[in-house]
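Coordinate inspection notes
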Amino acid sequence: MREYEIYIIKDEIAIEYFGLEGKLFNLFQENRFAKGKLKDVTDKQINFIVEPINIAKLEDIIVSRLQKSVGYSADSNKHFIRLPDKNSQAGLYLDDNYLTLFSEGTYDAEACFFEILRYYHSYFIAMEFEQQRYGWLKPLKSIDYVQQIN
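Quick look at the structure, then. Please read these numbers as outputs of a predicted model, since none were measured by experiment. (Residues numbered from 1 in each chain as written. Predicted model: local features only at pLDDT ≥ 70, side-chain atom pairs only at ≥ 80, totals over all residues. Heavy atoms only, no water.)

Here the structure, examined in full by the defined rule, presents 5 salt bridges. Where Glu-110 meets Arg-2, a salt bridge forms, and the shortest distance between an N and an O atom there is 3.0 Å. With a gap of 108 residues between them, Glu-110 in helix 5 (residues 108-120) and Arg-2 in strand 1 (residues 2-9) connect regions that are remote in the sequence. Pair check on accessibility: Glu-110 and Arg-2 agree, each one buried. For Glu-128, the salt bridge goes to Arg-133, with nearest N and O atoms at 3.8 Å. (Salt bridge = Lys/Arg side-chain N within 4 Å of Asp/Glu carboxyl O. Helix = DSSP H or I, 4+ residues; strand = E, 2+ residues; numbered from the N terminus. Buried < 20%, exposed > 50% of the residue type's maximum accessible area, 1.4 Å probe, protein only.)

So, on to the pairing of strand 4 (residues 78-83). Judged from the 4 bridges that link them, strand 3 (residues 72-75) and strand 4 form a sheet pairing that is antiparallel. Residue pairing across strands places Ser-73 opposite Phe-80, the latter belonging to strand 4. Where strand 3 hands over to strand 4, the hairpin turn is made up of 2 residues, of which Ser-76 adopts a positive phi near 60 degrees. Sheet analysis places strand 4 next to strand 5 (residues 88-94), joined by 6 bridges and oriented antiparallel. Its bridge partner being in strand 5, Lys-78 is matched across the sheet by Tyr-93. (Pairing = 2+ DSSP bridges.)

Here the largest pocket is characterised by a volume of approximately 220 Å³. Around the largest pocket, the lining is made up of 13 residues, and of these Tyr-7, Ile-46, Asn-47, Asn-97 and Tyr-98 lie nearest the centre. Those elements that place two or more of their residues in the lining of the largest pocket are strand 1, helix 2 (21-33), helix 3 (36-49) and strand 2 (50-51). Among the residues forming the lining of the largest pocket, the class breakdown is 6 nonpolar, 3 polar and 4 charged. (1 Å grid on protein atoms, 1.4 Å probe; cavity = no way out; pocket = protein on both sides within 12 Å on 5 of 7 lines; lining within 4 Å. Points joined across faces, edges and corners; volume = space filled by probe spheres on them. Nonpolar A, V, L, I, M, F, W, Y, C, P; charged D, E, K, R; others polar.)

Counted by the stated rule, this structure contains 8 aromatic pairs. Ring centres of Phe-25 and Phe-129 lie 5.2 Å apart, and the angle between their planes is 20 degrees; this geometry places the pair in the stacked category. Residue Phe-25 is located in helix 2, and its partner Phe-129 is located in the loop between strand 7 (124-128) and strand 8 (133-136); the two are separated by 104 residues in the primary sequence. Phe-129 shares its class with Phe-25; the two are buried. In this arrangement the basic side chain of Arg-2 is found over the ring face of Tyr-107, its NZ or CZ atom lying 4.2 Å from the centre. (Phe/Tyr/Trp six-rings, centres within 6.5 Å; stacked < 30°, edge-to-face > 60°. Lys NZ or Arg CZ within 6 Å of the ring centre and 35° of its normal.)

Classification of Glu-110 as buried rests on a relative accessible area of 4%. For Glu-110, the side chain forms a polar contact with the side chain of Tyr-4, separated by 2.9 Å. Apart from the residues lying within four places of it in its own chain, the contact partners of Glu-110 are Arg-2, Tyr-4, Ala-90, Leu-101 and Ser-103. (Polar contact = N/O pair within 3.5 Å; in protein donor to acceptor, adjacent residues only side chain to side chain. Contact = heavy atoms within 4.5 Å.)

This paragraph deals with the nonpolar core. Within the largest apolar cluster, 26 residues are counted, with the highest numbers of intra-cluster contacts made by Ile-6, Leu-99, Leu-117 and Phe-124. A per-element tally of this core places helix 5 first, with 6 residues. Setting aside residues no more than four positions away along its own chain, Phe-124 makes contact with Ile-6, Tyr-7, Ile-8, Ile-53, Leu-99, Leu-117, Gly-135, Trp-136 and Leu-137. In terms of nonpolar packing, the next biggest core, distinct from the first, is built from 17 residues, Ile-9, Ile-13, Phe-25 and Ile-49 among them. (Core = buried A, V, L, I, M, F, W, Y, C linked by side-chain atoms within 4.5 Å.)

Have a look at this one:
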């Protein structure tokens, strides 16, 4: 089973850390194991760079995009896609601070959720700590980066 934590990074931080996603990943990973003063410091750093998620708006988008899809179901702030013919299933759990996506099998079900999240906001970063994988859901393009700096 794959488990992703997904955060919205504030625009100015996302632009500044273009190409340096590993540093963001390291901060979140360090925070997972930190205790005491280090935990307090990394919590403050994360709170500074993360943008809260408008759950109501995101719920509306997810439901409107998936409600007629075979294999989709929802329960409160939990959304599920089961695609047995593709051996794929995923669950997306919504919270004000971050999202958690669990998936099994092929990547088809999780890709459905990732596509909706890309539509919702440009600066989502997904991190899968067990396999040390991370990345922007909607990769920043270098041309956009240059234009935003100027």
